[in-house]
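Chain residues, written in single-letter form:
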Amino acid sequence: MPKQKIVLIGNGMAGMRAIEEIKKLRPDDFDITVFGTEPYPNYNRIQLSKVLQGDTEVKDITLNEWSWYEENDILLYPGETVVKVDKKSQVVFTDKGREANYDYLILATGSNPFMLPLPGVDKEGVTAFRDIKDCEKMIEYSKKYKKAAVIGGGLLGLEAARGLLNLGMEVDVIHIADYLMERQLDREAGHMLQTELEKQGMNFLLEKQTVEIIGRNRVTGLRFSNGDRIKADLVVMAVGIKPNVSLALETDLEVNRGIVVNDFMETDTPNIFAVGECAEHNQMVYGLVAPLYEQGKALAKRICKLEDKGYKGSILSTQLKVSGVDVFSSGNIKEYDSMKTIKLKDDWRGTYKKITIENDHITGAVLFGDTREGNKLLSFIKKGVQIEEYLALGEQTESNESLVAEMPDDELICGCNGVTKGTIVQAIQTQGLSSVEQVKGCTNASRSCGTCKSLVSELLEYTLGDEYSETQQETICGCTTLSKDEVIAEIKEKGLTHTREVMNVLGWSTEEGCSKCRPALNYYLGMINPIDYKDERESRFVNERLHANIQNNGTYSVVPRMYGGVTNSEDLRKIADVADKYEVGMIKLTGGQRIDLLGVQKEDLPKIWADLGMASGHAYAKSVRTVKTCVGADFCRFGTQDSVGMGIQIERKFEGLNTPHKVKMGVSACPRNCAEGGVKDVGVVGLDGVWEIYVGGNGGVELRKAELLVKVKTQEEVLEYIGAFLQDYRENAKYLERTSAYVERVGINHIQEVLEDKQKRDALNQSMEIALSAVQEPWSEAIRNGTLLRDLYEKVKVSE
Amino acid sequence: MEQTLRRVLIGNKSDLPERLGKTVTIGTYELAIFKLASGEVRAIENRCPHKGGVLADGMVSGEYVFCPLHDWKISIVDGQVQKPDDGCVPSYKIEVKNDLVYVLLPE
Ligand SMILES: Cc1cc2nc3c(=O)[nH]c(=O)nc-3n(C[C@H](O)[C@H](O)[C@H](O)COP(=O)(O)OP(=O)(O)OC[C@H]3O[C@@H](n4cnc5c(N)ncnc54)[C@H](O)[C@@H]3O)c2cc1C
Ligand code: SF4
Ligand code: FES
């Protein structure tokens, strides 16, 4: 029977969570197709605030990588918008002319930012704050201009304003009410918030109504209803959102404010569902993640035909993500005559707490300054706990050692993802987790807004006791609490010589480590002691253990070394013969100007190397790979230097060197840079009488332009500087840190400072020479050494 | 119903590399055989449940192997995939007598 087809419109937070829920329940039962207008895999929209504030980069907020879609057999069409739905024949149509049939259709089209219909709103320099594009636009603007105005003093506006301050702009926040976040806070808390943010440098214009955006083409300012004006080069509109229902309207679904759905997220048309900000449930449209995730669960159960009581609406809680200001609000916080409130204000500490009580039950809360009680209050509000119970609890724990200790197991830690304390504690205990990252991976807790990170961390501490070091620096992996620097220092100090010894002496939590720490330790040990350390092949990733590149079907590939990309007819003939004899699957030129023989059986590898009689290219190792060269002075009419000769010299010198990650190089002979040195770990450009050396470039996933390290006169100096740079990288980078990340982390200035010093340069080159002297060519060894051959390359065939 | 098993000799224990996998094919079976640091010998099917990675080429750590393709962590003892991933690889019983290694396969 063919699988049933699910089509999802909207690759955002709600839609993809619904798909994840379905995948959890019935991993293989559906063919899933996703259309998303935005050209990215789905990302954590919440964290755009953090991107703008500079704590996080766009690349770090992806929720599911491209590979995730692939691995889960989900067909994603990014950058493609569904423009029409044919309900009758159950087909959707896209702006790229594609059609897709569905058995179930999920609309998760989110919201559009609400743009005030002011004159001038379409001027250049006016933006919303909704997606990556907006975020990038603001960052872009901040580089050119100084003055920003944010219209809207709510959650989103304030987070945008904080970001713009961080980007070095002056910021005015214009708000129509007489205090900030008037929907989540009361006047008291609103004023405290304002004072705090003013201290941070924000300027507020309250009770102001904007009537015009001024400027010719580009915005230059704002005009208000009372005639006042202010200057502004950038205007961010953050006044609200409206559900994106245009497609639903065209499809003739029932739409009120949002697409009307029942408790199972079903619209009025069978087999069409809506979830997220575009949906309206029980007259409510939600603009926060936690409810959307609950909706996703209900929807998944229904599509998978599992019994469920459905979605019953959510109680909201919000938290402001601005560093230095803690604000929490949940439930109903408006005061009516029928209600009582508890208010505690501590001017000295700058904290405020308000709890609203209706018929003896807690129904809402506002916290300012200290929000640690937030999650507890939220769960009390959800359960409708009696105020006496809350107060009694408070007295018991006035001394308050650890908030998490007294939480009941069913209390929510991560509101966004609905993860309880019990779930997390259980995961920590049964899966041996020891870091927030691991808890995130295992339970989804803190995968969204991240405000519960500190609670998760407290839970780890409380569950693991002393084993958990609170500092939680970046450790090598989950097996240890030590960082790379600490491990290296210990290895040197204690004279450790084996990976297992390191693990043993330094108290690893696993006996034999994992696939992260083993290769790292193996590298560090070899880097520290290149002559005496015996490389541990069982701690090497397969590519480096076998010196050939594993392919997805278990075959391998061989790339014969071709210095500088130069070959000759004899080598080519040998390569061709080998390709015939071993029936290689494909012969392909690599991006680094080498020949790749793909689809080789593991058992054939040593024989191929023997027949070739050439070293293989380390085309797969954490090592110096290739030096790409341009045509150069001998042939090219622009060439000024012998780039080919220089490239060959570099490749021969550094071949076989172990490095923290792969190293790719390029040498060109004029600024046209045909060898593309600008995106290489080391790029050399020869000019008339000068060589320029660039470092830290990357043409891969994280595109990065190389930076100029130095200009030198002679070929010897080129080798000297490359040697010093590579050795500095070998000694100071983390294992698996590319030069691009390394240079970014320590700064090109720092590296220049080190290398400028002739003495330091010489010392680095000396260490480099020692490391190079220990390099062995592994291919002939594999051919000669019988044990190696048997252990690594032979397969056993038992005939029956 | 009791399942009948057959014993198949696959070689000498002393020939197996320690903390590395070995690919062994028997008829239609392709197994990954591991000699752990403890000296124990174990057998699981040589295909990762994720995308069919060759487990014999993975990195061995204690009683686990990390798939060489996408780093799933799989128990060599019972074939269970470790969290956060899910799945299971068939595992097979091993008997060692006088340095000879036998695997027990379903009839
Ligand atoms: C800066 C910022 C900070 C926030 N902070 C928080 C917070 O701290 N806590 C919190 O809970 N919430 C926060 N939110 C709100 C939260 O991000 C949203 O509630 C959530 O992303 C909504 O999910 P969704 O899937 O409904 O919509 P979206 O995530 O917007 O996804 C909808 C997607 O559908 C696509 N789409 C629309 N129409 C079509 C079509 N016809 N064809 C194909 N694709 C289409 C859109 O391009 C979009 O990518 C924040 C939002 C922003 C912008
Ligand atoms: S980089 Fe300059 S010298 Fe080298 S091939 Fe290109 S144009 Fe010619
Ligand atoms: S095939 Fe094994 S982890 Fe992907």
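Cut-offs applied
- Residues numbered from 1 in each chain as written.
- Chains lettered and ligands numbered in written order.
- Predicted model: local features only at pLDDT ≥ 70, side-chain atom pairs only at ≥ 80, totals over all residues.
- Heavy atoms only, no water.
- Helix = DSSP H or I, 4+ residues; strand = E, 2+ residues; numbered from the N terminus.
- Buried < 20%, exposed > 50% of the residue type's maximum accessible area, 1.4 Å probe, protein only.
- Contact = heavy atoms within 4.5 Å.
- Areas by Shrake-Rupley, 256 points an atom, 1.4 Å probe, with all protein chains shown as cover.
- Buried area = accessible area lost by both parts, 1.4 Å probe.
- Salt bridge = Lys/Arg side-chain N within 4 Å of Asp/Glu carboxyl O.
- Polar contact = N/O pair within 3.5 Å; in protein donor to acceptor, adjacent residues only side chain to side chain.
- Nonpolar A, V, L, I, M, F, W, Y, C, P; charged D, E, K, R; others polar.
- Axes fitted to C-alpha atoms, helices over the stretch in contact; angles between N-to-C directions.
- Parallel < 35°, antiparallel > 145°, perpendicular 65-115°, else oblique.
- Left-handed = near helix turned anticlockwise from the far one by under 90°.
- Near = heavy atom within 4 Å.
- Disulfide = S-S within 2.5 Å.
- Pairing = 2+ DSSP bridges.
- Phe/Tyr/Trp six-rings, centres within 6.5 Å; stacked < 30°, edge-to-face > 60°.
- Lys NZ or Arg CZ within 6 Å of the ring centre and 35° of its normal.
- Core = buried A, V, L, I, M, F, W, Y, C linked by side-chain atoms within 4.5 Å.
- pLDDT = per-residue confidence, 0-100.
- Arc of directions from axis to C-beta.

Asker: For the overall build of chain B, give the residues involved together with the corresponding values.
Answerer: Looking only at helices and strands, one finds zero helices and nine strands in chain B. Across chain B, helices and strands are ordered from the amino to the carboxyl terminus as β-β-β-β-β-β-β-β-β. Residues counted as buried form 50% of the 107 residues belonging to chain B. Sequence separation of at least 24 residues holds for 41% of the intrachain contacts in chain B that already meet a minimum separation of 6. Of the roughly 4,800 Å² of accessible surface on chain B, a fraction of 46% belongs to carbon and sulfur atoms.

Asker: Account for the overall build of chain A, naming residues and giving values.
Answerer: Each helix and strand in chain A was counted, giving 27 helices and 37 strands. In chain A, buried positions account for 52% of the 800 residues. Residue pairs at least 24 apart in sequence account for 61% of intrachain contacts in chain A once pairs closer than 6 positions are excluded. As presented, chain A carries roughly 36,500 Å² of accessible surface, and 47% of it is formed by carbon and sulfur atoms.

Asker: Got a sec to walk through the interface of chain A and chain B? Specific residues and values, please.
Answerer: Each partner contributes to the interface: chain A provides 36 residues, whereas chain B provides 34 residues. In this assembly, chain A packs against chain B so that about 2,900 Å² is buried in total across both faces, 50% of it on carbon and sulfur atoms. Summed over the shared surface of chain A and chain B, the result is five salt bridges. A salt bridge links Asp-15 of chain B to Arg-790 of chain A; the nearest nitrogen and oxygen atoms lie 3.4 Å apart. Counting every contact that joins chain A to chain B gives 16 residue pairs in polar contact (both at pLDDT 80 or more). Of the residues assigned to the side of chain A that touches chain B, the class counts are 11 nonpolar, eight polar and 17 charged.

Asker: Requested: an account of the packing of helix α15 (residues 484-494) of chain A against helix α17 (residues 517-528) of chain A, with residues and values cited.
Answerer: Residues and elements named next belong to chain A. One way to put it is that α15 packs onto α17 with a least axis distance of 11 Å and a crossing angle of 50°. Here α15 is positioned oblique relative to α17, judged by the angle of their axes. You can see that α15 and α17 cross each other, and the crossing is right-handed. In this structure, α15 uses Lys-484, Val-487, Ile-488, Ile-491 and Lys-492 to contact α17, whose residues at the interface are Leu-521, Tyr-524, Leu-525, Met-527 and Ile-528. By residue class, the composition of the contact of α15 with α17 is eight nonpolar, no polar and two charged.

Asker: Describe the site of ligand 1, naming the residues involved and giving the relevant values.
Answerer: Residue and element names in this part refer to chain A. Contacts to ligand 1 come from 32 residues, most closely from Ala-14, Glu-38, Arg-130, Glu-277 and Lys-321. Within the backbone of Met-13, one N or O atom sits 3.2 Å away from an oxygen atom of ligand 1. Expressed as a share of its isolated accessible area of 990 Å², the protein-covered part of ligand 1 is 92%. Those elements that provide at least two residues to the shell around ligand 1 are α1 (13-25), β2 (30-36), α5 (155-166) and α8 (289-303).

Asker: Describe the side chain of Thr-251 of chain A, and please don't skip the residues or the numbers.
Answerer: For Thr-251 of chain A, the position within the fold is in the loop between α7 (246-250) and β18 (259-261). Taking relative accessible area as the criterion, Thr-251 of chain A reaches 6% and is therefore assigned buried.

Asker: Any chance you could break down the site of ligand 2 for me, citing the residues and the numbers?
Answerer: Taken together, Cys-630, Val-631, Gly-632, Cys-636, Phe-638, Gly-639, Ser-668, Ala-669, Cys-670, Arg-672, Asn-673 and Cys-674 of chain A make up all the residues around ligand 2. Here the residues of the shell around ligand 2 sort into seven nonpolar, four polar and one charged.

Asker: Lay out the state of the cysteines in plain terms, naming residues and giving numbers.
Answerer: For the structure shown, the criterion picks out zero disulfides over all chains. Among the cysteines around Cys-517 of chain A, which has no disulfide bond, Cys-477 of chain A carries the closest sulfur, lying 3.5 Å off.

Asker: Any details on the pairing of strand β13 (residues 210-215) of chain A? Residues and values, ideally.
Answerer: All names here are of chain A. As defined by bridge partners, β13 adjoins strand β14 (residues 219-224) across five bridges and the pair is classed as antiparallel. Looking at β14, one finds that Thr-210 is bridged to Phe-224. Hairpin connection, β13 to β14: the antiparallel pair is bridged by three residues.

Asker: Just give me the short version of the packing of aromatic side chains, but keep the residues and values in it.
Answerer: Evaluated as defined, the whole model comprises 14 aromatic pairs over all chains. For the pair Tyr-40 of chain A and Tyr-43 of chain A, a centre-to-centre distance of 5.8 Å together with 90° between the ring planes defines the contact as edge-to-face. With a centroid separation of 6.0 Å and 85° between ring planes, the pair formed by Phe-380 of chain A and Tyr-390 of chain A is classed as edge-to-face. With Phe-380 of chain A in helix α9 (residues 374-383) and Tyr-390 of chain A in helix α10 (residues 387-396), the pair connects residues that are 10 residues apart, well separated along the chain. With respect to burial, Phe-380 of chain A and Tyr-390 of chain A carry one shared label: buried. Site record: aromatic cluster; members linked through ring pairs are Phe-30, Tyr-104 and Phe-273 of chain A. The ring of Tyr-563 of chain A has Arg-652 of chain A sitting right over it, with the charged end atom 3.8 Å from the ring centre. A cation over an aromatic ring shows up here: Lys-73 of chain B above the ring of Tyr-64 of chain B, its NZ or CZ 4.5 Å from the ring centre.

Asker: Could you give an account of the sheet that holds strand β19 (residues 272-274) of chain A, naming the residues involved and the relevant values?
Answerer: Hydrogen bonds between backbone atoms are what pair the strands of a sheet, whose relative direction is either parallel or antiparallel. All names here are of chain A. With parallel pairing, five strands are arranged side by side in an open sheet as β3-β2-β1-β7-β19. In the strand order of this sheet, the two ends are held by β3 (74-78) and β19, each with one partner. If you compare each strand with its neighbour and ignore which way they point, the axes differ by 15° on average. Relative to β3, β2 runs parallel, the two being bridged by five bridges. Residue pairing in the sheet places Gly-36 in a bridge with Pro-78 of β3. The strands that α1 touches are β1 (4-9), β2, β3 and β7 (104-107); relative to β1, the one it contacts most, it runs at about 155°. On the sheet, α8 packs against β1, β2, β7 and β19 and is oriented at approximately 165° with respect to β19.

Asker: Explain the environment of Glu-744 of chain A to me, using residue names and the numbers behind them.
Answerer: Locating Glu-744 of chain A in the fold gives a position in helix α23 (residues 739-746). A distance of 2.5 Å separates polar atoms of two side chains, one belonging to Glu-744 of chain A and the other to Arg-704 of chain A.

Asker: How would you summarise the nonpolar core if you had to cite specific residues and measurements?
Answerer: Ranked by size, the top nonpolar core spans 75 residues in total, and within it Val-92 and Ile-106 of chain A carry the most contacts. Listed in part, the 41 residues of the second largest apolar core include Met-138, Leu-234, Ile-333 and Val-366 of chain A.

Asker: Any details on unusual backbone geometry? Residues and values, ideally.
Answerer: The backbone of Gln-90 of chain A shows a phi angle near 55°, a positive value even though the residue is not glycine. For Gln-90 of chain A, the position within the fold is in the loop between β4 (82-86) and β5 (91-94).

Asker: For the confidence of the model for chain B, give the residues involved together with the corresponding values.
Answerer: For chain B, per-residue confidence averages 89 on the pLDDT scale, and 97% of positions sit at 70 or higher. Mean pLDDT in chain B bottoms out at strand β1 (residues 5-12) of chain B, which sits at 89, and peaks at strand β4 (residues 41-45) of chain B, which reaches 95.

Asker: Run through the sheet that holds strand β11 (residues 170-174) of chain A, naming residues and quoting values.
Answerer: Residues and elements named next belong to chain A. Spatial strand order, β9-β16-β10-β11-β12: five strands in an open sheet with parallel pairing. Two strands lie at the open edges of the sheet, namely β9 (126-128) and β12 (203-205), each paired on one side alone. Neighbouring strand axes in the sheet, compared pairwise and without regard to direction, differ in orientation by 25° on average. Where strand β10 (residues 147-151) and β11 come together, five bridges link them in parallel fashion. Paired with Lys-147 across the strands is Glu-170, a residue of β11.

Asker: Residues and numbers for the environment of Pro-119 of chain A, please.
Answerer: Looking at the secondary structure, you find Pro-119 of chain A in the loop between β8 (111-113) and β9. Spatially, the C-alpha atoms of Pro-119 of chain A and Glu-212 of chain A are 5.3 Å apart, while their sequence positions differ by 93 residues.

Asker: Summarise the pattern of salt bridges; cite the residues concerned and give the values.
Answerer: All names here are of chain A. Counting across every chain of the model gives 59 salt bridges over all chains. Residue Arg-26 pairs with Asp-29 through a salt bridge whose shortest N-O separation is 3.6 Å. The class of Arg-26 is partly exposed, set by a relative accessible area of 28%. For Asp-29, a relative accessible area of 38% corresponds to the partly exposed category. Salt-bridge contacts for Arg-187 lead to Asp-178; the nearest nitrogen and oxygen are separated by 3.0 Å.

Asker: Break down α23 of chain A for me, with residues and values.
Answerer: All names here are of chain A. Residues of α23 that are buried include every one of Thr-739, Ser-740, Tyr-742 and Val-743, and no others. In an axial view of α23, the angular spread of the buried residues amounts to 165°, which keeps them on one side of the axis. Structurally, α23 contributes buried residues whose contacts are with β35 (690-695), β36 (707-712), α22 (715-732) and α24 (748-756).

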